[in-house]
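# Notes for the structure review
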Amino acid sequence: MGSQCFKRLYTFFLFFILIGSLANAQKKIVSGVVKDVQSDEPIPFASVSLKLGQSGSTTDTAGIFSFTYTFTIPDTLLITSVGYKPVAYVIPQNTDSVFLNIKMEIAPVSKDAVVKVKFNRALWFWNRIMKNKPKHDNSSYQNYYYEVYNKLELDLNNVNKEKLGNNKILKPFNFILNNIDSTEEKPFLPLFLTETISDYYFQRSPKRVKEVIKGSKTNGIQNESVTKMLGGMYQNVNVYHNFIPVFDKQFASPFHDNGDYYYNFKLLDTQYLNNKRLVHLAFRPKRKGENTFEGDCWVVDSTYALQKITLRPSEGANLNFVQKLTLIQEFRLINDSTWFLSKDKFVADISPIGKSRSGFKGRKTSTYRNVLLNADTVVSVLKTNRKAEEVIVLKDAELKVDTFWSQSRHEELSKNEAAIYKMIDTIQSLPQFQKYSNAINFIGTGYKSIGNFNIGPWFNWISGNSWEGTRLRFDVSTNSGFNRKIYLHTYLAYGFGDKKYKGQAEIFYLPKKDPRFYISAGYKNDLDNGQQYYDEISTDNIFALAFRKPNVPVKFQKIEEKKLEIFQETRSGISFLLGITNRQVTPLRNLPAKSYFTGTASHEPLANFETSLRIRYAYLERFLENTFFRTSLGSDFPIIEARYSKGWAGVLKSSYNYNKITGSISDYMNVPPYGNFYYNFFAGRVYGTLPYPLLEIHPGNEIFYYNKYAFNMMNRFEYISDRYAGFNLEHNIGNGLFKFIPLTRKLKFRQFWSAKGVWGDLSKENRSLNFVGDHPFQSLDKKMYMEVGTGVDNILKVIRLDFVWRVLPTPLPKEQLKRFGIFGSFRVQF
């Protein structure tokens, strides 16, 4: 009886608790957005549910979720998505609604993440995608058009606000610390933002491309070549291609024609979007150390077209300075069955000095609108092209007002992005900013602007050699403030050993940039050491003193040169350079003296007057330009060059009649997955009996800094020829064999090989004329000089060591030639 009474009391107790809880229950609205912590991109179809309750939802394609539930007791929200670490979030009790900004991290890939079965359903599904690949690849259409909006943001990542605030140098700029965003995994400070909007036209056959940049906002960077680079022409990524560019590397695409060689695939789940079923497919690399991706994609199962794809470099990919990187592409249905690219996002965390230090986060977003496929209007526009591929920046592109941008942007600027423009305008108006930027520019480039003039480079101010002793040199040149079409430059040098002044003066006139036309004239009276190449250390550079080979006699000669050049370029890629040169050479040390070469009263020995014509063909070559000069960024096609030179005896005391013909063909090719390959084949012939300065002096190298364009085991002036043919080959393989060794794979060492050779000969007349006195010359006597090399690149991410063997010609028994050398060089690369 007592126990029955107790049970009744217990039942009534539970009943009243239930009634009380229901009386206190309340409706709560939980909503939010789920994003990737690194790329800040929304995560679609993530599962969002209560740990204790029954309510929940999934995120839409924008990563947004919302649901209502009845609150009785405190609960926790669980967020899960394939490939990400689960996130738990305690729901606040004191509000009726809550909006959550949830960031998810990529989960480490487990060994069992992908089923390694050759013939599984995922592989079958991938094969269906590949079968339909030509239908969805943009480059398969005969023509197309779209409006593209590009936005590039650069942030300072992993910011320590307190440390930056206490930095004395940065004290004047402390106001920018108010822009630090701490909502992400690592606090970041937005630094820089550029925007462009343009019309893009493409035709497959014959291939023609045009981009018209209608608006450009570049934060004070007044450089048209930079504006062109920020458009859509040079930033296209096509995931349907076999290889995808990531900085200067080529990564195998999951939809490579042989993608099943590189990747394992796994089907994850399915979802519906606008009544279309999407299949979730994941991919992981089969091997470590290759330049491949890991990631996932959503595929429309009726047409096997991509709806969205996310790519991240796989663990062990050979990239420098990149801590994290995400490439995302989204596609939109533009008719009944065609899915076309609608959004492109590239996010990279760059850490030049280590993971724990401050680095940079770059975000590049492109969106595409108003797509036209196979339209006659595209053909009509492209018929007006002056060359096959061109980028046109409208005159008022950089003058667009804020109303233009607010109406034309494909997406609104975020709060951080909008603050960047105001911050940059404020910074650039501060005198301290100008002071610091000028100092950084002076240290980095060597030049300092003083009004309308530049001085420098500073690394040429002091140097030395055994002939001149300590050498001082001071350069002055004009800048664009002086004149935007005329450039003047001069320098004066003095050697305390030879007690002689030297110098140069030149004028450069650039009346037209497109197509390029210039006239230059100059006078030079200084020491000369033969051929100079843009990647080597010059002899009057302070850094050259530390790298010279021992026991190699230094050759010195003085030149007095007057030169006139006229350059004309065409839009087809052909350029012409007409040159007129009057030169007097005076040997000084370790070269045959001037007295060995006879002259007359009206003809000076070792003096020549020469006219020359160079014709160069570089199809679709790209350049980075400043006001006067430009740097070639290369071409996707071989570059061909031919030159004819004629010497005229009797003109300005010239002693020599002669003819020269030279030619070369070179190219720099990507050969993924085997890295890149450079070749240069060259040949020449000199007709006439001439002193050594007018013959071909094969380029040697007398310092331990590796020279890509010279023979590094050959000394300067060692071989001369009047007929020759040669080659220069270099293959940068990537990690190559190093990827099979865990330590070298971790250190990201890279492998390469090189081979350089030249066949040459010298006539009897030229031997008799030049092999006099204490001369250093040799003839190859119709033999081949060749050296081969290999080594280790990317040591500490910036050092390259070359091991070079001189293999031909075979030395005579009495000859004591050094056959092996080790050379170093520095370069920064991803």
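Residues numbered from 1 in each chain as written. Predicted model: local features only at pLDDT ≥ 70, side-chain atom pairs only at ≥ 80, totals over all residues. Heavy atoms only, no water.

## Overview of the overall build of the chain
Secondary structure summary: the chain contains 12 helices and 42 strands in total. For the chain, with 830 residues in total, the buried portion stands at 46%. The contacts in the chain between residues at least 6 apart in sequence include a share of 62% that link residues at least 24 apart. (Helix = DSSP H or I, 4+ residues; strand = E, 2+ residues; numbered from the N terminus. Buried < 20%, exposed > 50% of the residue type's maximum accessible area, 1.4 Å probe, protein only. Contact = heavy atoms within 4.5 Å.)

## What about the confidence of the model for the chain?
On average, residues of the chain carry a pLDDT of 86, and 87% of them reach 70 or more. Contacts for the low-pLDDT stretch residues 5-24, under 50 throughout, to residues beyond four places or in other chains number zero contacts. Across residues 113-119, where pLDDT falls below 50, the model places 10 contacts with residues more than four positions away in sequence or in other chains. (pLDDT = per-residue confidence, 0-100.)

## Some words on helix H10 (residues 431-445)
Look at H10: 21 Å from first C-alpha to last across 15 residues, which is about the 21 Å you get at 1.5 Å a residue. Following H10 by one or two positions, glycine 446 adopts a phi angle in the positive range, close to 95°. (Expected span 1.5 Å × (residues − 1).)

## Details of helix H9 (residues 415-428)
Under the 1.5 Å per step criterion, the end-to-end length of H9 is 21 Å for 14 residues, consistent within 8% with the ideal 20 Å. Glu417, Ile420, Tyr421, Met423, Ile424 and Ile427 are the residues of H9 that are buried.

## Digging into the packing of aromatic side chains
Counted by the stated rule, this structure contains 51 aromatic pairs. Note on tyrosine 263 and phenylalanine 283: the rings are 5.9 Å apart at their centroids and 85° apart in plane angle, and the pair reads as edge-to-face. A residue pair is termed long-range when its members are at least 10 positions apart, and tyrosine 263 in strand S13 (residues 263-273) and phenylalanine 283 in strand S14 (residues 276-285) qualify at 20 residues. Residue tyrosine 263 is classed as buried on the basis of its relative accessible area, which comes to 1%. Both rings, one in phenylalanine 442 and one in tryptophan 461, keep their centres 6.0 Å apart while their planes meet at 40°; by these two values the pair is tilted. A residue pair is termed long-range when its members are at least 10 positions apart, and phenylalanine 442 in helix H10 and tryptophan 461 in the loop between strand S22 (453-455) and strand S23 (462-465) qualify at 19 residues. On the basis of relative accessibility, which here comes to 22%, the residue phenylalanine 442 falls in the partly exposed class. (Phe/Tyr/Trp six-rings, centres within 6.5 Å; stacked < 30°, edge-to-face > 60°.)

## Structural notes on the side chain of serine 31
Topologically, serine 31 is positioned in strand S1 (residues 26-36). Using a relative accessible area of 15% as the deciding quantity, one classes serine 31 as buried.

## Here's the deal with the pattern of salt bridges
Across all of its chains, the model carries 40 salt bridges by this definition. With its nearest N and O atoms 2.8 Å apart, the salt bridge here joins arginine 806 to glutamate 718. Taken as a pair, arginine 806 in strand S41 (residues 799-808) and glutamate 718 in the loop between strand S36 (696-697) and strand S37 (720-721) lie far apart in primary sequence, 88 residues in all. For arginine 806, a relative accessible area of 4% translates into the label buried. Here glutamate 718 falls in the buried class, since its relative accessible area comes to 7%. Linking aspartate 802 and arginine 800 is a salt bridge whose minimum nitrogen-to-oxygen distance equals 2.7 Å. (Salt bridge = Lys/Arg side-chain N within 4 Å of Asp/Glu carboxyl O.)

## Concerning unusual backbone geometry
Following serine 205, the chain continues to proline 206 via a peptide bond in cis, the omega torsion being -10°. The topology assignment puts proline 206 in the loop between strand S9 (188-203) and strand S10 (208-217). Look at the link from glycine 456 to proline 457: it is a cis peptide, with omega at 15°. Its location among the elements puts proline 457 in the loop between S22 and S23. At phenylalanine 717, a residue that is not glycine, the phi angle is positive and equals roughly 65°. The residue phenylalanine 717 is located in the loop between S36 and S37 in this model.

## Details of the pairing of strand S27 (residues 516-528)
Pairing geometry for strand S26 (residues 500-513) and S27, over nine bridges, is antiparallel. Counterpart to glutamate 506 in the pairing with S27 is glycine 522. In this structure, the hairpin formed by S26 and S27 is closed by a connection of two residues. (Pairing = 2+ DSSP bridges.)

## Overview of the sheet that holds strand S6 (residues 87-90)
In a beta sheet, neighbouring strands are held together by backbone hydrogen bonds and run either parallel or antiparallel to one another. Pairing is antiparallel across the open sheet formed by four strands, whose spatial order is S3-S2-S5-S6. Two strands close off the open sheet at either side, each with one partner strand: strand S3 (56-58) and S6. Direction aside, the axes of adjacent strands within the sheet are offset by 15° on average. Relative to S3, strand S2 (residues 47-50) is paired through three bridges, and the arrangement is antiparallel. Bridge pairing links valine 48 to serine 57 in S3. (Axes fitted to C-alpha atoms, helices over the stretch in contact; angles between N-to-C directions.)

## Digging into the environment of proline 352
Tracing the backbone through its elements, the reader meets proline 352 in the loop between strand S18 (339-350) and strand S19 (359-373). Contacts of proline 352, omitting those with residues within four sequence positions, involve Phe321, Gly359 and Phe360.

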